[in-house]
Amino acid sequence: MDIVSSYLSNLMLIVGSLFLLIGAIGLIRMPDVFTRMHAASIMETAGASLIIIGLIINTGFTVVSLKLIVIMLAIFYISSVATHALARACIHDNLKPNAMNKESDQ
Amino acid sequence: MNKYILFLAQFFILFLFWYLLSGKNIVLLLLLGVIISMLITTYQQKLKILDDESLPIAILPRAIIYWVWLYKEILLSSIFVSKLILKFPLNVSPKYFKIKSNQKTAMGFNIYANSITMTPGTISVVTNNAEKEIQIHAISEETKLGLESGVMDEKIRKLMCDKDV
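Position numbers for residues count from 1 along each chain, tracking the sequence in the order it is written. Ligands are numbered from 1 and chains lettered from A, in the order in which they are written. For a predicted model such as this one, the threshold for reporting local features is a pLDDT of at least 70, and the threshold for listing and counting side-chain atom pairs is 80 or more; totals across whole chains, interfaces and linings nevertheless cover every residue.

Let's talk about the interface of chain B and chain A
Working definition of a contact: two residues with C-beta atoms, positioned from the backbone, lying within 7 Å. Listed by partner, the interface residues are 25 residues for chain B and 32 residues for chain A. In DSSP terms, a helix is any run of H or I states spanning at least four residues, a strand is any run of E spanning at least two, and both are numbered starting from the N terminus. Mapped onto the side of chain B that touches chain A, the elements with two or more residues apiece are helix H3 (60-86), strand S1 (95-100), helix H4 (106-118) and strand S2 (122-128) of chain B. The element best represented in the side of chain B that touches chain A is H3 of chain B, accounting for 7 residues. Side-chain classes follow a simple rule in which Ala, Val, Leu, Ile, Met, Phe, Trp, Tyr, Cys and Pro form the nonpolar group, Asp, Glu, Lys and Arg form the charged group, and the remainder, Gly included, forms the polar group. Of the residues belonging to the side of chain B that touches chain A, the class tally is 16 nonpolar, 8 polar and 1 charged.

Right under this line is the structure:
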C-alpha cells in the first residue's frame, strides 16, 4: 500500500510538471496574447492541480492535506477570474485577437 | 434554505478555516475561534448578506458531482491543447465567437462563464448577463464545436434545477 501510494504520487508529480513545462513552451511559441492565455491556463489548472493531488497522496490525511485542498480551490477560483479579467482588459484596450482580424478580412 | 441551517453552515466553514490556519489543538485558540466565528456569522445575518446566493450549500451535493465531471473535462482538453502546442509546424487557427446560454439564474450564468474559462482551450472574454450571451475566444475549431454542443450548459442547468423550474 505504501509503495503503491508513493508510486502514484510520484507519477502525479511528474505528469503535473510535464504540463507546466508544456505550458511554458506554449507561452513562448504561441502567436498572440489570447492564444498565450490558453497555454497559461494549462499550467494553472491541470499542472497545479496534479502537483497538489500528488502532494496530498504523499502526505496522507492530515491538516496539511486539508490546507493543500484549500490552496487548490483558491488557485482554481482565482485563476479563472484573473484570466477573464486579463482577456477583458485586452479587449477594452482595443487589442484585437488574431481570430477577429481573420474574420474581418473575409 | 432555512436561515438556521445557513447560520450553522457558515459558522462551521469559518471555524474550519480558523482551525486549518492555526492547526493546533490548544483550548484557548479553539475557544477564540468559536467566539470569533460566532460574532462574524451573527454580524453577517444582521447585515442580511447571508442567503442562498452568498452561501449556496443547497447545490453542494450536485456541485461535487459536477466538479468531478469538470475536472475530467479539464484534463482532456489540457491534453488536447498540449498536443497543439507541441506540434512541430505550429498551426493554430483561433476562433472568436458569441454563444447564447440557456441559464435562467445569474448564478448559473456565472458558473457557466467560469467553467468555460477554467477549461483550457476556451476563454470567456465579455459576458452579458441581461442577454445571457458570452463572447468566447477558442484556440481551435474542435474546442469551439465542443462548446457549441451545449453539454456543459445542460449540466449546469441540471445543477441549478430546483431554481429553474
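From this point, the narrative continues.
Here's the deal with unusual backbone geometry
The residue Asn94 of chain A is not glycine, and still its phi comes out positive at about 60 degrees. Within the fold, Asn94 of chain A resides in the loop between helix H3 (63-92) and helix H4 (98-105). Unlike most non-glycine residues, Lys132 of chain B shows phi in positive territory, near 55 degrees. The residue Lys132 of chain B is located in the loop between S2 and strand S3 (133-138) in this model. Around each residue's C-beta, the other C-beta atoms within 10 Å are counted; 20 or more make the residue buried, 12 or fewer make it exposed, and counts in between make it partly exposed. All C-beta atoms are placed from the backbone. The exposure class assigned to Lys132 of chain B is partly exposed, which follows from the 17 C-beta atoms found within 10 Å.

Quick look at the sheet that holds S2 of chain B
All names here are of chain B. Overall, antiparallel pairing links the 3 strands, which are arranged S1-S3-S2 in an open sheet. On the outer flanks of this sheet lie S1 and S2, each paired with one strand and no other. Along the sheet, successive strands turn relative to each other by an average axial angle of 25 degrees, direction set aside. Any two strands with at least two DSSP bridges between them are considered paired. Strand direction decides the pairing type here: S2 and S3, joined by 6 bridges, are antiparallel. Paired with Thr122 across the two strands is Ala138, which belongs to S3. Against the sheet, H4 touches S2 and S3, its axis set at about 155 degrees to S2. Comment: axis = line fitted to C-alpha atoms, over the contacting stretch for helices; angle = value between 0 and 180 degrees taken between N-to-C directions.

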